[in-house]
Amino acid sequence: MPGKPKFYLTTPIYYTNGLPHIGHTYTTVVADVIRRYKRMRGYEVVMTTGTDEHGVNVERAAKKAGVPESEFVAKMAAAWRSLWDELGVPADEFIRTTDLRHVRTVQWLFKLCRENGYVYKGHYTGQYCIYDNAFVNDAKPGDNCPDCGRPTETITEENYFFKLSAFQRPLLDFYKKNPEFIQPESRKNEIVSFVEGGLKDLSITRTTIRWGIPVPGEEPHVFYVWFDALTAYLSAVDGPEYEKRGMWPADLHLVGKDIIRFHTVYWPAFLMAAMLPLPKQVWAHGWFLMDASKMSKSKGNVVLPRPIANMLGMDALRYFLLREVVFGQDGNFSYDALVTRYNSDLANGLGNLASRTAAMIDKNFAGKIPKAGKLLAQDEALARETQSAIGDILEHFEKMEFARALESIWAVIAAADKYLTKEQPWALGDSEGDTQRKATILSTTAELLRIVTTLAHPVLPESTAKVWMLLGQPGSVSAVELDGLRWGQLASGVQLGKAQTLFPRVEKSEAIERIESMANEELNPPAAPAPAPVATPTSGSAAAAAPAASEKIGIEDFAKVEMRVGQIKTAERIVGADKLLKLTVDIGTEIRQICAGIAQFYEPDSLIGRKVAVVTNLAPRKLRGVESNGMIIAASVGPEGRPVLAGFPEDVEVGARLK
Ligand code: MSP
């Protein structure tokens, strides 16, 4: 049996002198969407991302942090990697430019280029931008970098040069023969005219930088960061042994428009010089702008992905990034637009359709998906409309028209809403005929839901998996083959899964405030460890949290802690914080809002009226963006530290002091 066709795609490897913001997240999320989509189309997919760890910037950042470069980059690479894991966009191959497999590949590529006569030694004096790690052609001393606007530095050094000039014709021929290589079209014109304007040879080693991959036998030469970085795509799939792995050439390099030249001019030229296969496509997307300018830490306008994922779920961020902006163009990021889309498209759109449908099936058919009875014209029309949307949506995905794909999926959802409003299954009675009609309407809606869920899966992996379970469909939605997706494949007679809220509606200003507050906490972490929401020791038993004998405290220290009997008035779950409950607690003198990390062990309703011990003189702090003004005391039980609220066997007055 022939194996699956392969698909290899990459994101840029990100610099380690900062942490990911939603600009980086955008590229990685798009790569993940394509990966999931391609898998559902039967491909064996490898997605590479990683970290670009060499160069002057890292040298300087490590110095500032007072640690060796290797230590600095190891920490940063781990942070990038674990954030991608946490956000559900893990790398299949995570390549670091300090990995040995990468070092070997860079040295091997250089050797091939040199053996083939495309490398020579020379001197170079020029203006260099240390932020972009690039010499700025035609710049004079004192000029700023045309890309980032920051001052350039004059550098003279002995370099190895790459004969880029020899590749003007081959590159132009290559673009002509492979019209799909540079995408979108507008970028292609830009690159073609750049190459037509003539190519200068490129210095590919440095002697003024220490933190880089050494050129074997040519120390102190180290490789120029772009020769080093671009090669990561090949190192990740076994470098010199790429043929054995079978993933090279890459099918797709996804990049931001800022780095397209490196990917469509330098990179294919290096590979041509080494006589290695060339990637099939480079797709340059636009930027996400904040207040009309590119996000950067120095401008203080970065948007972080984690607070958004915590508050609204990662699917909401994914949906927004892909729906809001035409892929390839720039777009503005705004929290307002994000939350609006969340409430209208996800909570009211997909979420509402799924929960309504399930609730009606539950009520009328004992939670079993009914079989359709006689179809009326309107049922058939909806089926036809959905069936024909499948082809259009797949075509949009194929062409990287993500916003249009989502628009078309949501048009199908809107058609279902309209259909339900018109057919009003809730108004039908219990007669044989009415029951039959209800069965048809609900099975039609459930089938439509199955199809939109499948099509939306690459973009909304978590929530569509939940809808799939809710519909009680066999297997997992990620295993559905999109090529075979048709109307009429709904499994009927199956029991619905447990009902759950997919996208709880949020109040806009509160949601934005909480996201911003979490971002603020992340960007400016508190200097001292903040108090835990519930007074539970972190390591299991109470003894573990007790100070060592030599650290015994005096009564005056204990007296600093004010504890009172409180009574819980209200308790509710917090959207985006699985472990926390938001409580209001009467402490005698006032009602306090307190967050407690007990949501996994206590039902909110069971707590109302309960008397608890409260630390009342703690400085307020925000937990997951929600203000907490005090702390509830609990024992920490068992190895997993299950919280058990401290209480009073006798009746006590609210507000009484604990001494
Ligand atoms: N290390 C180089 C890439 C080497 S690839 C062989 C680099 N790193 S970077 O950390 O600066 O990441 C750049 C990439 O991050 C962009 O190409 C783009 O994919 C993404 N983005 C960074 N900011 C962005 C926005 N504001 N909007 C969209 N994408 C952005 O360049």
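## Describing the overall build of the protein
Of regular secondary structure, the protein possesses 21 helices and 25 strands. Dimensions of the protein along its principal axes, counting C-alpha atoms only, are 90 × 80 × 45 Å. Residues counted as buried form 52% of the 659 residues belonging to the protein. Partitioning the intrachain contacts of the protein with sequence separation of at least 6 by distance along the chain shows that 75% fall at a separation of at least 24. Accessible area of the protein: about 29,500 Å², with a carbon and sulfur share of 52%. Side chains of the protein carry 76 positive and 79 negative charges; the gap between the two charge centres is 1 Å.

## Structural notes on the environment of Gly42
Position of Gly42 among the secondary structure elements: in the loop between helix 1 (22-40) and strand 2 (44-52). Overall, Gly42 belongs to the partly exposed group, its relative accessible area being 23%. Distance in space between the C-alpha atoms of Gly42 and Lys6 is 9.0 Å, their sequence separation being 36 residues. Those residues in contact with Gly42 that lie beyond four places of it in its chain are Lys4 and Pro5.

## Notes on a nonpolar patch on the surface
Together, Ile553, Ile555 and Phe558 give the surface a local cluster of nonpolar side chains, amounting to about 320 Å² of exposed area. On the secondary structure map, Ile553 appears in the loop between helix 19 (542-545) and helix 20 (555-558). On the basis of relative accessible area, Ile553 is assigned to the exposed category, the value being 55%.

## Focus on the pairing of strand 24 (residues 642-645)
Regular strands show a simple pattern: their side chains alternate between the two faces of the sheet. Residue alternation in strand 24 divides its side chains into a buried set, Pro643 and Leu645, and an unburied set, Arg642 and Val644. Counting the residues between successive antiparallel strands, the hairpin from strand 23 (residues 634-637) to strand 24 contains four residues, one of them, Gly638, with a positive phi of roughly 75 degrees.

## Observations regarding helix 11 (residues 305-312)
Of all eight residues making up helix 11, seven are buried, and the element is well covered by its neighbours. By the burial criterion, the buried members of helix 11 are Pro305, Pro307, Ile308, Ala309, Asn310, Met311 and Leu312. On the buried face of helix 11, the contacting elements are helix 1, helix 3 (69-86), helix 12 (314-324), helix 13 (335-365), helix 18 (508-523) and strand 17 (577-586).

## Points about the site of the ligand
The environment of the ligand is formed by 23 residues, the closest being Ile13, Thr27, Asp52, Gly256 and Phe288. Isolated, the ligand exposes 670 Å² of accessible area, and the fraction of that covered by the protein chains is 95%. Those elements giving two or more residues to the shell around the ligand turn out to be strand 1 (6-15), helix 1, helix 7 (225-230) and strand 11 (252-256). For the shell around the ligand, the element with the most residues is strand 1, which contributes four residues.

## Section: the pattern of salt bridges
All chains considered together, the criterion is met by 44 salt bridges. Of the charged contacts in the structure, one is a salt bridge between Arg306 and Glu522, with a shortest N-O distance of 3.1 Å. One end of the pair, Arg306, is in helix 11; the other, Glu522, is in helix 18, and 216 residues separate them in sequence. With a relative accessible area of 32%, Glu522 lands in the partly exposed category.

## A few points about the pairing of strand 19 (residues 611-615)
The element strand 19 is largely enclosed, with a buried count of four among its five residues. Pairing of strand 16 (residues 563-574) with strand 19, which is carried by five bridges, proceeds in the antiparallel orientation. Considered in strand 19, the bridge of Val565 is made with Ala613. Strand direction decides the pairing type here: strand 19 and strand 22 (residues 631-632), joined by two bridges, are antiparallel. Pairing of Val614 across the sheet is with Ile632, part of strand 22.

## Focus on the packing of aromatic side chains
The geometry of an aromatic ring pair is captured by the separation of the ring centres together with the interplanar angle, meaning the angle of the planes. Evaluation of the coordinates by the stated rule reveals 33 aromatic pairs. Between the aromatic rings of Tyr26 and Phe327, the centroid separation amounts to 6.2 Å while the plane-to-plane angle is 65 degrees, which identifies the pairing as edge-to-face. Taken as a pair, Tyr26 in helix 1 and Phe327 in the loop between helix 12 and strand 15 (331-332) lie far apart in primary sequence, 301 residues in all. In this pair, the class of Tyr26 matches that of Phe327, namely buried. For the pair Tyr342 and Phe503, a centre-to-centre distance of 6.1 Å together with 85 degrees between the ring planes defines the contact as edge-to-face. Residue Tyr342 is found in helix 13, and its partner Phe503 is found in the loop between helix 17 (461-470) and helix 18; the two are separated by 161 residues along the sequence. With relative accessibility at 6%, the residue Phe503 sits in the buried group. What links up through ring pairs into an aromatic cluster is the set Phe110, Tyr118, Tyr160, Phe162, Phe167, Phe223, Trp226, Phe227, Phe262, Tyr266 and Phe270. Between Lys38 and the ring centre of Tyr43, over which it is positioned, the NZ or CZ distance is 4.6 Å.

## What about the sheet that holds strand 8 (residues 202-203)?
Pairing within the open sheet is antiparallel, and its four strands lie in the order 5-4-6-8. Looking along the sheet, the strands with just one partner apiece sit at the ends: strand 5 (134-136) and strand 8. Pairing analysis gives three bridges linking strand 4 (residues 119-129) to strand 5, with the strands arranged antiparallel. When the sheet's bridge partners are listed, Gln127 is paired in strand 5 with Val136.

## Here we look at the packing of helix 12 against helix 15 (residues 402-423)
Interaxial distance between helix 12 and helix 15 falls to 7 Å at its minimum, and their mutual angle equals 110 degrees. Judged on the interaxial angle alone, helix 15 and helix 12 are roughly perpendicular. Across from Tyr319, Leu322 and Arg323 in helix 12, the residues of helix 15 making contact are Phe402, Ala403, Leu406, Glu407 and Trp410. Residues belonging to the contact of helix 12 with helix 15 are distributed by class as follows: six nonpolar, no polar and two charged.

## Things to note about the confidence of the model for the protein
On average, residues of the protein score 92 in pLDDT, and 96% of them are at 70 or above. Scored below 50 in pLDDT, residues 535-549 makes 16 contacts in the model with residues more than four places away or belonging to other chains.

## As for the side chain of Arg323
Following the sequence through the fold, Arg323 ends up in helix 12. If we skip the residues at most four places from it in the chain, Arg323 touches Arg341, Asp345, Ala403, Leu406 and Glu407.

Cut-offs applied
- Residues numbered from 1 in each chain as written.
- Predicted model: local features only at pLDDT ≥ 70, side-chain atom pairs only at ≥ 80, totals over all residues.
- Heavy atoms only, no water.
- Helix = DSSP H or I, 4+ residues; strand = E, 2+ residues; numbered from the N terminus.
- Buried < 20%, exposed > 50% of the residue type's maximum accessible area, 1.4 Å probe, protein only.
- Contact = heavy atoms within 4.5 Å.
- Areas by Shrake-Rupley, 256 points an atom, 1.4 Å probe, with all protein chains shown as cover.
- Lys, Arg positive; Asp, Glu negative; His and termini not counted.
- Charge placed at Lys NZ, Arg CZ, Asp CG, Glu CD.
- Patch = residues over 30% accessible without salt bridge, like charges linked within 9 Å, V, L, I, M, F, W, Y side chains within 5 Å.
- Salt bridge = Lys/Arg side-chain N within 4 Å of Asp/Glu carboxyl O.
- Pairing = 2+ DSSP bridges.
- Near = heavy atom within 4 Å.
- Phe/Tyr/Trp six-rings, centres within 6.5 Å; stacked < 30°, edge-to-face > 60°.
- Lys NZ or Arg CZ within 6 Å of the ring centre and 35° of its normal.
- Axes fitted to C-alpha atoms, helices over the stretch in contact; angles between N-to-C directions.
- Parallel < 35°, antiparallel > 145°, perpendicular 65-115°, else oblique.
- Nonpolar A, V, L, I, M, F, W, Y, C, P; charged D, E, K, R; others polar.
- pLDDT = per-residue confidence, 0-100.

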